[in-house]
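Chain by chain, the residues:
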Amino acid sequence: MASSDPNKPTRPGQWPPPPESTPMRPSSWAKRTGFRPKFSGETNASDSGQIVPSPKPKTDQQVDLEAGRARPVPAAANGKREGQKPAAAAAAAAGEKDQTVKKRRDSDGGVPKSSAANGQATAVEPPPPPPPSRRPARNEEAVDALPQTLVDDGLVSRHSHMKYELRDSPGLVPIGLYGLQHYISMLGSLILLPLIIVPAMGGTYEDTSNVVSTVLFVSGVTTLLHTSFGSRLPLIQGPSFVYLAPALVIINSPEFLGLSGNNFKHIMKELQGAIIISSAFQAMLGYSGLMTLLLRLINPVVVAPTIAAVGLSFYSYGFPRVGTCLEIGAVQILLLIIFSLYLRKISVFGHRVFLIYAVPLGLAITWAAAFLLTEAGAYSYKGCDVNVPVSNIVSEHCRKHITRMKYCRIDTSLALKSSPWFRFPYPLQWGTPVFHWKMSIVMCVVSLIASVDSVGSYHASSLLVASRPPTPGVLSRAIGLEGLCSVFAGLWGTGTGSTTLTENVHTIAVTKMGSRRAVELGACVLIVLSLVGKVGGFIASIPEVMVAALLCFMWAMLTALGLSNLRYSEAGSSRNIIIVGLSLFFSLSIPAYFQQYGISPSTNLSVPSYLQPYIVASHGPFRTKNGGLNYIMNTLLSLNMVIAFLIALILDNTVPGSRQERGAYVWSESEAARREPAVAKDYGLPFRVGRVFRWVKWVGL
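Just so it is clear, the model here is predicted, and its values are computed rather than measured. (Residues numbered from 1 in each chain as written. Predicted model: local features only at pLDDT ≥ 70, side-chain atom pairs only at ≥ 80, totals over all residues. Heavy atoms only, no water.)

1. Comments concerning the overall build of the chain
Stated formally: To qualify as a helix, a DSSP run of H or I must reach at least 4 residues; to qualify as a strand, a run of E must reach at least 2; elements of each kind are numbered from the N terminus. Think of it in three bands: residues with accessible area under 20% of the maximum for their type are buried, residues over 50% are exposed, and the middle band is partly exposed, with areas taken using a 1.4 Å probe on protein chains only. Note on contacts: a residue pair qualifies if any of its non-hydrogen atoms lie within 4.5 Å across the two residues. In this description, accessible areas are obtained by the Shrake-Rupley approach with a 1.4 Å probe, and a residue is regarded as covered only by the protein chains that are shown.
The secondary structure content of the chain amounts to 30 helices and 4 strands. When burial is assessed residue by residue, the chain has 53% of its 701 residues classed as buried. For the chain, long-range pairs separated by at least 24 residues make up 82% of all intrachain contacts whose partners lie at least 6 apart in sequence. Working note: accessible area of the chain is about 30,900 Å², and carbon and sulfur atoms make up 63% of it.

2. Description of the packing of helix 5 (residues 187-200) against helix 23 (residues 544-563)
Note the threshold: All axes here are fitted lines through C-alpha atoms, helices being fitted over the stretch that makes contact, and every angle between N-to-C directions spans 0 to 180 degrees. Working rule for angles: under 35 degrees goes down as roughly parallel, over 145 as roughly antiparallel, 65 to 115 as roughly perpendicular, anything else as oblique. The crossing is said to be left-handed when, going from far helix to near helix, the turn is anticlockwise and less than a right angle, and right-handed when the turn is clockwise. Each residue gets one of three labels, nonpolar for Ala, Val, Leu, Ile, Met, Phe, Trp, Tyr, Cys and Pro, charged for Asp, Glu, Lys and Arg, and polar for the others, Gly among them.
In the contact formed by helix 5 and helix 23, the axes pass within 11 Å of each other and the chain directions differ by 130°. The angle between the axes of helix 5 and helix 23 places the two elements in the oblique class. Note that helix 5 runs across helix 23; the crossing there is left-handed. Facing helix 5, whose interface residues are G188, S189, L192, L195 and I196, helix 23 presents V547, L550, L551, M554 and W555. Classifying every residue of the contact of helix 5 with helix 23 gives 8 nonpolar, 2 polar and no charged.

3. Overview of the environment of V455
For V455, the position within the fold is in helix 18 (residues 437-465). Here the alpha-carbon distance between V455 and I479, two residues 24 residues apart in the chain, equals 8.5 Å. Leaving out residues up to four positions away in the same chain, V455 has contacts with M291, L295, I298, L475, Y665 and W667.

4. Details of the state of the cysteines
The condition is simple: Disulfides are defined in this document as cysteine sulfur pairs within 2.5 Å.
Under the criterion given, the structure shown has 1 disulfide. Here C325 pairs with C408 through a disulfide, and the sulfurs are 1.9 Å apart. Taking the sign of the torsion about the S-S bond as the criterion, the disulfide between C325 and C408, at about 120°, is right-handed. One end of the pair, C325, is in the loop between helix 12 (315-322) and helix 13 (326-342); the other, C408, is in helix 16 (residues 396-408), and 83 residues separate them in sequence. As far as the burial class goes, C325 and C408 line up, both buried.

5. Let's talk about the pattern of salt bridges
Operational definition: In the sections that follow, a salt bridge refers to a side-chain nitrogen of Lys or Arg positioned within 4 Å of a carboxyl oxygen of Asp or Glu.
Scanning the entire structure with this criterion turns up 8 salt bridges. Between R321 and E544 there is a salt bridge, with its nearest N and O atoms 2.5 Å apart. Of the two residues, R321 sits in helix 12 while E544 sits in helix 23, which places them 223 residues apart along the sequence. Judged by its relative accessible area of 7%, R321 falls in the buried class. Residue classification places E544 among the partly exposed residues on the basis of a relative accessible area of 37%. A salt bridge links R517 to E520; its shortest N-O distance comes to 2.9 Å. On the criterion of helical spacing, the pair formed by R517 and E520 is a turn pair, its members being 3 residues apart in helix 21 (residues 516-530). By relative accessible area, which is 43% here, R517 ends up partly exposed.

6. As for the confidence of the model for the chain
Short version of the rule: On a range of 0 to 100, pLDDT expresses the predictor's confidence in each residue.
With 73% of its residues at a pLDDT of 70 or more, the chain has an overall mean of 77. Confidence, read as mean pLDDT per element, is least for helix 3 (residues 135-144) in the chain (36) and greatest for helix 26 (residues 640-654) (95). Here residues 73-94 is a poorly scored stretch, pLDDT under 50, and it has 19 contacts once near neighbours within four places are set aside; other chains count. Low pLDDT, under 50, characterises residues 119-125; the predicted model gives this stretch 16 contacts beyond four residues in sequence or across chains.

7. Some words on the packing of helix 7 (residues 244-251) against helix 18
The geometry of helix 7 relative to helix 18 is characterised by a closest axis approach of 10 Å and an angle of 170° between their N-to-C directions. The angle between helix 7 and helix 18 falls in the class roughly antiparallel. Across the interface between the two elements, P246, A247 and I250 from helix 7 touch M439, V442, M443 and V446 from helix 18. For the contact of helix 7 with helix 18, the class distribution of residues is 7 nonpolar, no polar and no charged.

8. Looking at helix 21
Just so we agree on the cut-off: Multiplying one less than the number of residues by 1.5 Å gives the expected span of a helix. In protein, a polar contact means a hydrogen-donor-capable atom and an acceptor-capable atom, both N or O and within 3.5 Å, with residues adjacent in sequence counting only if both atoms are side-chain atoms; elsewhere, any N or O pair within 3.5 Å suffices.
With 15 residues, helix 21 should cover 21 Å at 1.5 Å per step; its first-to-last C-alpha distance of 21 Å lies within 8% of that length. Considered for burial, the residues of helix 21 that qualify are R516, A518, V519, E520, G522, A523, L526, I527 and S530. Among the structural elements, helix 4 (172-185), helix 5, helix 6 (205-229) and helix 29 (677-683) are those in contact with the buried residues of helix 21. Capping of helix 21 at its N-terminal end is provided by S515; its side-chain oxygen lies 3.3 Å from the backbone amide nitrogen of R517.

9. Observations concerning unusual backbone geometry
Residues other than glycine seldom take positive phi values, yet R232 does so here, at roughly 65°. With respect to the helices and strands, R232 occurs in the loop between helix 6 and strand 3 (237-239). Its identity as a non-glycine residue notwithstanding, L428 has a phi of 55°, on the positive side.

10. Let's talk about the nonpolar core
For the record, the criterion: For our purposes a nonpolar core is just a set of buried Ala, Val, Leu, Ile, Met, Phe, Trp, Tyr and Cys residues, chained together by side-chain atoms within 4.5 Å.
With 121 residues, the main nonpolar core has M201, F241, L244, I542 and M546 as its most contacted residues. Here this core gets 13 residues from one element, more than from any other, and that element is helix 18.

11. With respect to helix 18
If you check helix 18, its first and last C-alpha atoms are 41 Å apart, about what 29 residues at 1.5 Å a residue would give, namely 42 Å. Burial analysis of helix 18 places 25 of its 29 residues in the buried class, the great majority of the element.

12. A few points about the environment of T502
With respect to the helices and strands, the residue T502 is situated in the loop between strand 4 (498-500) and helix 20 (504-511). The sequence separation of T502 and I307 amounts to 195 residues, and the corresponding C-alpha distance is 8.6 Å. Among all residues touching T502, those that are not within four sequence positions of it are I307, D453, S457, L558 and L561. A distance of 2.7 Å separates the side chain of T502 from the side chain of D453, its partner in a polar contact.

13. Overview of the side chain of S668
Here S668 lies in the loop between helix 27 (659-662) and helix 28 (670-675). The exposure class assigned to S668 is buried, which follows from its relative accessible area of 4%. Among the polar contacts made by the side chain of S668, one reaches the side chain of R468 at a distance of 2.9 Å. Within polar-contact distance, the side chain of S668 engages the backbone oxygen of P469 at 2.4 Å.

14. Quick look at the environment of G495
You can see G495 is positioned in the loop between helix 19 (472-492) and strand 4. Using a relative accessible area of 3% as the deciding quantity, one classes G495 as buried. Taking the C-alpha atoms as reference, G495 lies 7.5 Å from P194; in sequence the two are 301 residues apart. Apart from the residues lying within four places of it in its own chain, the contact partners of G495 are I197, A247, M268, L271 and I275.

What follows is the structure, given as structure tokens:
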């Protein structure tokens, strides 16, 4: 009889394995909620930062790509797999038994596969109780053998590998060093925007130097405010690339093209007025509690293409500017790639210096090489002067080489010489802001996109450094404070709003530094440096081609960081693939239609080719009798991030899909957060300020 044969192999048990009859009590929030530190159930790339389960033995299982799991293989009537000999069946059963133990080690407390990937477990029917075997020992292994190491330099959702967590303060010296490292690694995000918008406004080198100093000052002050009274996460505030495209559109508005005199101050006052109005709208959005309602619509499938579209939208600006001096710009891009990819695992005294300092190292080496070439006379041509306007150059020889002289030489900028040693940035330094309703409405929509960007940054960084994600009230409070900080930036005149920089998440994951004190100390250093005028002059003297090369790298990073939000969803789901694909494609195609409408090859445009996508307000397809409405519609529908946000928002909230498939963000519940001292210390306001706002339930714990 087959049932009485003692040598007959046993049938492999079901997967996922049933829970323990007497499970151990979880000791942390991650085990209680069933949080799994994996990008999704779709991929297991071992070099992208997620915690990777042990490799599966080779089987004849068929993979269901839509569900992200393997289809069960039918067994024969006698308990063996089809085509297997008894010895092979026994070996397979033993292998699957070992694999069960290994997979349980990679799970948080033995949570079944059906738990949500974004911070909360879903309800499942308990399977029948297992036979009493080595279950207690396995359960103990599942708790003790949780992954505690980082596979690579990517983003993981457990923070046991962090050198310093949110509330750690090991001492002044280490905190100071790590804080300085944190800001240096984000140098490009802090300083590059003024180097684009000020020359586009017709500003001088001195104007660029002053705006850079103002940006450093505002970034330091707003970071201190945000770490104290906002989300309280270690996130640097600064000029976001989200504001760059609309700022360029306003700068190239038809009414500013014919200005004479000091165009810079006039256009800056227009930008200040638009930023102040939109920032007040963002502050109202946060402090009124409306943001908690919008959170139900904002998920990773919406955030990912929106932020990716911000980086992709500047493809027409990046490399065309690098091409003005290819031997300098291309070398810098190659250095950035080598440092951040090929040399990223090289450690010096425990620090991955090439990965952390890729931007400043690449900039320093390229700048030194350009200096040697300039001093050696590589860009000196007899009888040619780079300071003479092109229209006044008579010699054909000089006309031919004037572009290389202007963009390849490093001694053409007078910013360092003309900047003072001490300068205090003060509010309304460019004059009284000018308010126009059409520009303010455009910026209000942009501030909403900036809030979506910040939501993704809050969630990802909290999983790295905090005890648990913030509550919706804390998030609303943070968005409201970002609005107030942008009002601050508008009054001081930075040219853009102040928001959470997306690059924060990558920097925290790479440096393993999540201390709030380190970021605050670095912000104080930033304020001091902003008072030294020569610092702003030095940054403003970076050659344009090097700025463009850095921007190519930064925009590529921004695109990748945006798409990395998909790790919280089921990335292999056809639903999510189609939504993200449609959002990205139409975010490039629809704005291209608006930007090219009404322009023929013979059209004589008064702006450089790399700025032509931002003059859409003067020739877009909307041509009603209301000029203000034409301006708003042509401008908004020419912005890539707006199109990506609208398409992803509509599709993600109308196409059916489970919360796990969508990767819906899971925020902490207010009642549970108040009962946990660790959460209260992470997000509670200091100096007993929280007591004042205790009656406002939607902006706190």
